[in-house]
Amino acid sequence: MSAPRDPTIEEFYKYCSEKKLMGVRCVRCKHIMVPPRSICNNCRSSRVEWTQLGSKGKLTTYTVVHMAPPQFKHMTPYAVGIVEMAEGVKLPSIIRVARLELLKIGMELEADFSTNPQESAWPQWPRYFFKETA
Amino acid sequence: MVRRERFHLAAKPLASIVSVGLSKFGRREGVYARELFAEAALESFHRLEDFDPGKQIRAAFIGQMSESYERQSHTAPMAANWAGLLPVAATRVEDACASSGAALRCGIMAIKSGLYDIVLVGGMEKMTNLPTPEVTGILATASDFPFEQWNGMTFPGVFALMATSHMHEYGTTEEQMAMVAVKNHKHGALNPKAHMQKEITLDEAIKSRVVSWPLKIYDCSLITDGASVAILAKPKLAKKLSKNYVHIIGTGQAQDTFLMHERESLTTVKAAKLASQEAYKMADLRPKDVNVAEVHDCFTIAEIIAYEDLGFCRPGLGGKFIESGAPALDGSLPINTSGGLKSKGHPVGATGTAQIAELYLQLTGQADRRQVKDAEIGLAHNLGGSGATAVVHILRSG
């Protein structure tokens, strides 16, 4: 047994490099949080533990960014949205779809990871994103 | 309930505003933020007679969002110095776009505590010296870095997420959002301090370039240079200092989750609801009592949501409210008579007290061509970031 990992943002992204999408769950009230943190937002308990999330989610809202800061300019236009996971927790994400016109609230998505350093020159950590379900 | 304990303050003035000042808003080439601040401060001093700012103003709270625009931090003593206020106790207040709304609250608390009799509050931002993509990047720093910015979110982007939600849930249309822009430009055309004193058509707004769908250029507030100032005094002193004074009778502030995806709903700004409820209770007033309001229209959808959060219409009916004409200058509840952030401009740190400056002019009958007849109660609604901060103030004519 290795030592438990701290509930930090850096550890979240280290998990992403292992292709794992993780949240922390409050031991007391079972509330799941992404980003991870050490104090439960719901019941203030400081007993939290990592929990692995599934890969399936639904798009709850989105936008298509046409004007972006310099670091993201090469990707425009690109979609960003909020995804609700089967576990109920939500997270923000880039949404990759074959055609932007196909974006729809309620559409099924699945998580994937980009760990190619060239793809993520900025930001430098490995990243999760969501794409259409196959 | 913590909020109930404040009932004893009902309707009593917390502090009074005896003067305001506003720099010209716009693309102010060759001028530093501190110089804009001095311009606003000077106007506020000139409104008063027999007033010695350096002697009588003992504390200053100054809102500014970012040191990145001018590579300058420690800006409160700098601004106070340029305004001729030394050795005033000057402190910078930062809550993103709600910085000077929050600075005003600090000023109210300073007066209400009895520590000071007269304080200056204000804000400033110099933004146009950098290229737009860089400004977009600096503005985005008010949202979360490792999860939101890293996922390519921009400021228009986060409000676009709210717009998409509002359209999906309530059927709000891009046309209704454009109507907010048309209205605010119409108002701004009457304001000599406004950045864009130009009316626009609905067609122009709808057909303008997409920034972050569904938001287009004309749904976005302007990148502007500007500064604003208000001089607060103990209510007892107000009459002695100026014949034109207004009372602050309600103040509220609330925060919500820093990251948007953790909010209960994206069709409302919960912090604004809570802040306004706190302010209404303190003022012992209801939404229908408000005669004129300045709301935080950083994006047109934000104004539509503000109508609902402030209780001017029911949830989901913000689109219908703008369609009805109610928030126009000749409507039943004129909103953003200054032109709002949309047309007057949004020098981020200056916005909160610039809203207060407009309400002061309205409630003292000095708003000229923008004057709302017999306005007695004014409300200011100032958001920080995507709504993680909201500050609401209620003012009453003196």
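What counts and how
Residues numbered from 1 in each chain as written. Chains lettered and ligands numbered in written order. Predicted model: local features only at pLDDT ≥ 70, side-chain atom pairs only at ≥ 80, totals over all residues. Pairing = 2+ DSSP bridges. Helix = DSSP H or I, 4+ residues; strand = E, 2+ residues; numbered from the N terminus. Buried ≥ 20, exposed ≤ 12 C-beta atoms within 10 Å, placed from the backbone. Expected span 1.5 Å × (residues − 1). Contact = placed C-beta atoms within 7 Å. Nonpolar A, V, L, I, M, F, W, Y, C, P; charged D, E, K, R; others polar. Axes fitted to C-alpha atoms, helices over the stretch in contact; angles between N-to-C directions. Domains from an automatic or database assignment.

Structural notes on the sheet that holds strand E1 (residues 22–26) of chain A
Residues and elements named next belong to chain A. Within the open sheet, the three strands sit side by side as E2-E1-E3. Their pairing is antiparallel. Edge strands, defined here as strands with exactly one partner in the open sheet, are strand E2 (32–33) and strand E3 (48–52). Of the pairings in the sheet, the one linking E1 to E2 comprises two bridges and is antiparallel in character. Bridge pairing in E2 links Val24 to Met33.

Re the pairing of strand E10 (residues 377–384) of chain B
Residues and elements named next belong to chain B. Within E10, seven of the eight residues are buried, leaving the element largely enclosed by the surrounding structure. Relative to E10, strand E9 (residues 292–295) runs parallel, the two being bridged by four bridges. Residue pairing for E10: Glu294 is matched across the bridge by Ala380. Pairing between E10 and strand E11 (residues 389–397): eight bridges, direction antiparallel. Directly across from Gly378, in E11, lies its bridge partner Leu395.

Some thoughts on helix H4 (residues 99–112) of chain B
Residues and elements named next belong to chain B. The terminal C-alpha atoms of H4, which comprises 14 residues, lie 20 Å apart, in line with the 20 Å expected from a rise of 1.5 Å per residue. H4 sits mainly inside the fold: 11 of its 14 residues count as buried. The set of residues buried in H4 consists of Ser99, Ser100, Gly101, Ala102, Ala103, Leu104, Arg105, Gly107, Ile108, Ala110 and Ile111. Looking at the residues trailing H4, positive phi occurs at Gly114, about 90°.

Remarks on the interface of chain B and chain A
Interfaces are often sized by the amount of accessible area the parts lose when they come together. With 27 residues of chain B at the contact, the number on the chain A side is 26 residues. For the side of chain B that touches chain A, the elements supplying multiple residues, two or more each, are helix H5 (132–140), helix H6 (155–170) and strand E5 (210–213) of chain B. Looking at which element gives the most residues to the side of chain B that touches chain A, the answer is H6(B), with six residues. Residues of the side of chain B that touches chain A, tallied by class, amount to 14 nonpolar, 11 polar and two charged.

A closer look at the sheet that holds strand E4 (residues 118–125) of chain B
Residue and element names in this part refer to chain B. Overall, mixed pairing links the nine strands, which are arranged E3-E2-E4-E7-E1-E8-E11-E10-E9 in an open sheet. The outermost strands of the open sheet, each flanked by one partner alone, are strand E3 (89–93) and E9. Averaged over all adjacent pairs, the angle separating strand axes in this sheet is 25°, with direction ignored. Here helix H1 (residues 33–46) sits on the sheet in contact with strand E1 (15–22), E4 and strand E7 (226–233), set at roughly 40° to E7. Packed onto the sheet, H4 meets E1, strand E2 (59–63), E3, E4, E7, strand E8 (246–255), E10 and E11 and runs at close to 170° relative to E4.

As for the domain arrangement of chain A
Residue and element names in this part refer to chain A. Per the domain assignment, the segments of chain A are domain 1 (9–52) and domain 2 (56–132). Among the elements that take part in the side of domain 1 that touches domain 2, helix H1 (residues 9–17) stands out by supplying three residues, more than any other. Considering only residue class, the side of domain 1 that touches domain 2 consists of five nonpolar, two polar and one charged.

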